[in-house]
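Given next are the chains, with one letter for each unit.
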Amino acid sequence: MAGLFLMDYGLTGKNLKFAAIESMFWHFSFNKQNPLAEELVTGRVETFLTHFFQGMRTGVGENISDDELAEFVRLFSRPQVLHAGFELYRTETQDWVITATHTGPWFGLPATGREVTCSGI
């Protein structure tokens, strides 16, 4: 594994339905708008991401740095990256169906020797 990405976001599934949390995250609804979201953000990535990250904190309680914001802007200014970022939100409903019906292990955690399953989701 090259890295690990952790999100402060509830996994939807058996006990948490996406519809219950969608209104708390304005960007979920916006990012699903195809092709409108991409049309509005293309050429305005820095403005969008600056607003998006405003008030967000890193894992150590700091705002993201100017260098980190610049890296996000650099990456998401590439049309294929911007499109993939929006597509992540557009597949949320499909992800919910998979998560809600999955009964086996998801993946192993080598550091702990334990598997993460959706049994508690």
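One numbering rule holds for all chains: residues counted from 1, following each sequence as written. In keeping with the model being predicted, local features are shown solely for residues with a pLDDT of at least 70 and side-chain atom pairs are shown and tallied solely at 80 or more, while totals for entire chains, interfaces and linings include all residues. For the side-chain quantities, the full set of heavy atoms in the structure was used; hydrogens and water were omitted.

Participant: Help me get a handle on the environment of P35, residues and values and all.
Facilitator: Mapped onto the fold, P35 is located in the loop between α2 (26-32) and α3 (36-41). In the structure, P35 is positioned 51 residues away from F86 in sequence and 9.4 Å away in space, judged by C-alpha atoms. Numbering of helices and strands runs from the N terminus, with a helix taken as a DSSP run of H or I at least four residues long and a strand as a DSSP run of E at least two residues long.

Participant: Can you explain the nonpolar core? Please cite residues and give values.
Facilitator: What makes a nonpolar core is a set of buried Ala, Val, Leu, Ile, Met, Phe, Trp, Tyr and Cys residues whose side-chain atoms join them at distances within 4.5 Å. Accessible area is worked out with a 1.4 Å probe on protein chains only. A residue is then buried under 20% of its type maximum, exposed over 50%, and partly exposed in between. In this structure, V41, V45, L49, F53, L69, V73 and F86 are the most contacted members of the largest nonpolar core, which totals 15 residues. At the level of elements, α1 (18-21), α3, α4 (45-53), α5 (66-76) and α6 (79-90) are the ones that each hand at least two residues to this core. What makes two residues a contact is simply this: any of their non-hydrogen atoms within 4.5 Å. Apart from the residues lying within four places of it in its own chain, the contact partners of L69 are L49, T50, F53 and I64.

Participant: Summarise the packing of aromatic side chains; cite the residues concerned and give the values.
Facilitator: Ring pairs are drawn from Phe, Tyr and Trp, using the six-membered ring of Trp, whenever the two centres fall within 6.5 Å, and their geometry is named by plane angle: stacked under 30 degrees, edge-to-face over 60, tilted for the rest. Following the criterion strictly, the structure yields seven aromatic pairs and no others. Pairing F52 with F53 gives two aromatic rings, centres 5.2 Å apart and planes at 75°, and the pair type is edge-to-face. Each of the two residues, F52 as well as F53, counts as buried. Arranged with centres 6.5 Å apart and planes meeting at 25°, the rings of F72 and F76 form a pair that is stacked. On the criterion of helical spacing, the pair formed by F72 and F76 is a turn pair, its members being four residues apart in helix α5.

Participant: Outline α4, supporting the account with residue identities and numerical values.
Facilitator: Burial in α4 covers these residues: V45, F48, L49, F52 and F53. Around the axis of α4, the buried residues are gathered within 115° of arc, so they sit on the same side. Counted as exposed and oriented over 90 degrees from the buried face of α4: E46 and T47. In this structure, the buried side of α4 is in contact with α2, α3, α5 and α6. The arc under discussion is defined with respect to the helix axis, by the directions toward the C-beta atoms.

Participant: Let's hear about the side chain of H27: which residues, and what values?
Facilitator: Here H27 is to be found in helix α2. In this structure, H27 is in contact with F52 and Y89, ignoring residues within four places of it in sequence.

Participant: Requested: an account of the side chain of N31, with residues and values cited.
Facilitator: Turning to its location among the elements, N31 is positioned in helix α2. Dropping the residues within four chain positions of it, N31 is found in contact with A37, F48, F86, Y89 and R90.

Participant: Got a sec to walk through a negative patch on the surface? Specific residues and values, please.
Facilitator: Two distance rules govern patches: like charges are joined within 9 Å, and nonpolar side chains (Val, Leu, Ile, Met, Phe, Trp, Tyr) within 5 Å, applied only to residues with over 30% relative accessible area and no salt bridge. Working definition of accessibility: Shrake-Rupley area with a 1.4 Å probe, residue cover restricted to the visible protein chains. Only one rule defines a salt bridge in this text: a Lys or Arg side-chain nitrogen within 4 Å of an Asp or Glu carboxyl oxygen. Only four residue types enter the tally: Lys and Arg on the positive side, Asp and Glu on the negative side; His and the chain ends are excluded. Note that the charge is assigned to NZ on lysines, CZ on arginines, CG on aspartates and CD on glutamates. A cluster of like negative charges, contributed by E62, D66, D67 and E68, occupies part of the molecular surface. By secondary structure assignment, the location of D66 is in helix α5.

Participant: Which residues make up the pattern of salt bridges, and what values do they have?
Facilitator: Within this structure, the stated rule accounts for three salt bridges. When the shortest N-O distance is used, the salt bridge between E87 and R90 registers 2.9 Å. You can see E87 and its partner R90 sitting in helix α6, three residues apart, about one turn around the helix. Within the structure, one salt-bridge network assembled from shared partners comprises E38, E87 and R90.

Participant: Describe the confidence of the model for the protein, naming the residues involved and giving the relevant values.
Facilitator: On average, the protein scores 76 in pLDDT, and the residues at 70 or more come to 69%. As a per-residue quantity, pLDDT reports the predictor's confidence and falls between 0 and 100. Per-element mean pLDDT across the protein ranges from 44 in strand β2 (residues 114-117) up to 97 in α3. Residue range residues 108-121 is modelled with pLDDT below 50. Its contacts to residues more than four positions away, or to other chains, number 24 contacts.

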